[in-house]
Amino acid sequence: MNIGEIARRAGVSRSTVSYVLSGKRAVSATTRQRIQAVIDELGYRPNASARALKEGRTRTLGLVIPPASQRLTDMQLGFVASVVEAAARHDLDVLLSPSGGDHDRSFERIVTGRRVDGVVLMEIRLTDDRVTRLATAGVPFVTIGRTAEPHGMSWIDVDYAALISRCVHHLADLGHRQVALVNRSAELVAAGYGPSHRALAGFRAAVDERDLTGVDVCCGDDTASGEACVTQLLATHPQVTAVATINEAALPGIRRALDAAGLSVPGDFSVTGVAAQHWAEDFHPPLTAADVPMRQMGAEAVTLLLELIAAPGGTPRHRLYAPPISLRSSTGPRTR
């Protein structure tokens, strides 16, 4: 069914039907009601492509993700799902585009190809050329994460520095004097990955404030790396009685290493950190952690982006999430 058929049945011109659909020109109430009655009778819905063309928009958002060669963590996948779901609620499509490595051309097509109305950019580095490129090109964008100098851009982020600091203070209150931070991979830290650097800063500040002995180690985003990392940590720093982590993908491996060493949780060793809620609840025993609200963050990123698309040049907005530490069963008083 098309506009021509609606016009024929309503006894009006195609342009009059178009004005009713677009609202670009006033149409008498009687004529509008007659056209709307035909539309309702036929169950007509405007073609999305035609509607987008009239609006001068693609009705598509770009979501820039890490390279496809890398396995996305559950938290990253959670952000992807939340952005897609939020966009769908606004009747928008999402175009996924990897960046980094050999994917620069894919990102450049997002920037220059007029394929999207705006971009959500994930996995932000303290100095991020992609942010600069989007800003220079005038493409509306929102970042999940933030650069070292995020002024003038819209972003949402987790306050990793404050949350890891809270974890350390919690461990110190329980009597732990030697604690460790299990960070993300050495490659991410070297690349300036924001959460890793902010978590380390929060860890060191809290360790100094509580006069603790602190050890920080890097760890890959998988079970095997988590096991190897903590096995090595226990061998080189046997005095450590607790860890805090932002590496949720390493949690099963951390648990394996502690089991292999004969250390009970939390009787002999405490574990805490920042993680998605399901990771925390699936840990054995359930993990004392700050639960990252991925669904809420993805939805807010889309909301901020739609504001920028609707009002180019508007005032950038941001939101820094600092969820409370959920006290579960993985932390306890120092006993050894």
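The structure we're discussing is the one just above.
A brief report on the enclosed structure follows. For clarity, every value in this text was computed on a predicted model and none was experimentally measured.

Viewed as axis vectors pointing N to C, helix α5 (residues 74-89) and helix α14 (residues 294-310) meet at an angle of 50 degrees, and their least axial separation amounts to 8 Å. In terms of orientation, α5 lies oblique with respect to α14. As α5 runs across α14, the sense of the crossing is right-handed. On α14, the residues touching D74, M75, G78, F79, S82, V83, E85, A86, A87 and R89 of α5 are M294, R295, M297, G298, A299 and V302. Split by residue class, the contact of α5 with α14 holds 9 nonpolar, 3 polar and 4 charged.

As a further point, take the pairing of strand β10 (residues 288-292). For β10, the tally of buried residues reaches 5 of 5 residues, placing the bulk of the element in the interior. The side-chain alternation of β10 yields two buried faces, one formed by T288, A290 and V292 and the other by A289 and D291. Pairing of strand β9 (residues 270-276) with β10 involves 5 bridges; the strand directions are parallel. Across the sheet, G273 pairs through a bridge with A289, a residue of β10. Crossover connection from β9 via helix α13 (residues 277-282) to parallel β10: handedness right-handed.

This part is about the pattern of salt bridges. When the charged atoms of two side chains with opposite charge come close together, those side chains can pair. Under the counting rule described, the total for this entry stands at 15 salt bridges. Its salt-bridge partner being E5, residue R8 comes within 2.6 Å of it at the nearest N-O pair. Taken as a pair, R8 and E5 lie in helix α1 (residues 3-10) at a separation of 3 residues, close to a single helical turn. R198 is the salt-bridge partner of D157, the closest N and O atoms lying 3.9 Å from each other. Linking D157 in strand β5 (residues 154-158) with R198 in helix α10 (residues 194-209), this pair joins segments that are 41 residues apart in sequence. Overlapping salt bridges, with partners in common, bring together E5, R8 and R9 in one network.

Once that is clear, we can look at the environment of A242. With respect to the helices and strands, A242 occurs in strand β8 (residues 242-245). We classify A242 as buried; its relative accessible area is 0%. When the C-alpha atoms of A242 and A301 are compared, they prove to be 34 Å apart, with 59 residues separating the residues in sequence. The residues touching A242, leaving out its near neighbours within four places in the chain, are L171, H176, Q178, V179, A180, F269 and S270.

Turning our eyes to something else, we now look at the sheet that holds β10. Read from one edge of the open sheet, 6 strands run β7-β6-β8-β9-β10-β12, paired in mixed fashion. Whereas interior strands pair on both sides, the edge strands pair on one side only; in this sheet they are β7 (213-217) and β12 (325-326). In the packing of helix α12 (residues 251-260) onto the sheet, contacts are made with β6 (178-182), β8 and β9, and the angle to β9 comes to roughly 170 degrees.

Of the consecutive residues V265 and P266, the connecting peptide bond is found in the cis state with omega at 5 degrees. Look at the link from H284 to P285: it is a cis peptide, with omega at -5 degrees. Even without glycine at this site, R59 takes up a positive phi of about 55 degrees. With respect to the secondary-structure elements, R59 resides in the loop between α4 (48-55) and β1 (60-65). Here the phi dihedral of D211 falls at roughly 55 degrees; this positive angle occurs in a residue that is not glycine. Take D211: it is sitting in the loop between α10 and β7. For D211, a relative accessible area of 62% corresponds to the exposed category.

What counts, and at which threshold
- Numbering of residues begins from 1 in every chain and follows the order in which that chain's sequence is written.
- The model is predicted, so local features are restricted to residues of pLDDT at least 70 and side-chain atom pairs to those at 80 or more, both for listing and for counting; the totals for chains, interfaces and linings are taken over all residues.
- Calculation of side-chain values draws on the structure's entire complement of heavy atoms; hydrogens and water are dropped beforehand.
- Axis definition: a line fitted to C-alpha atoms, over the contacting stretch in the case of helices. Angles run 0 to 180 degrees between N-to-C directions.
- Numbered from the N terminus, helices here are DSSP runs of H or I no shorter than four residues, and strands are runs of E no shorter than two.
- Each angle receives one of four descriptions, namely roughly parallel if under 35 degrees, roughly antiparallel if over 145, roughly perpendicular if within 65 to 115, and oblique otherwise.
- Helix crossings fall into two classes, left-handed where the near helix is turned counterclockwise from the far one by less than a right angle and right-handed where it is turned clockwise.
- Contacts are assigned to residue pairs with any non-hydrogen atoms lying within 4.5 Å of each other.
- Amino acids outside the nonpolar list (Ala, Val, Leu, Ile, Met, Phe, Trp, Tyr, Cys, Pro) and the charged list (Asp, Glu, Lys, Arg) are all regarded as polar, and Gly is one of them.
- Think of it in three bands: residues with accessible area under 20% of the maximum for their type are buried, residues over 50% are exposed, and the middle band is partly exposed, with areas taken using a 1.4 Å probe on protein chains only.
- A pair of strands is labelled paired if DSSP reports no fewer than 2 bridges between them.
- By convention, orient the strands away from the viewer: a clockwise path from the first strand over the helix to the second makes the crossover right-handed.
- Here, a salt bridge means any Lys or Arg side-chain nitrogen found within 4 Å of an Asp or Glu carboxyl oxygen.

By themselves, these observations are geometric and do not establish any function.
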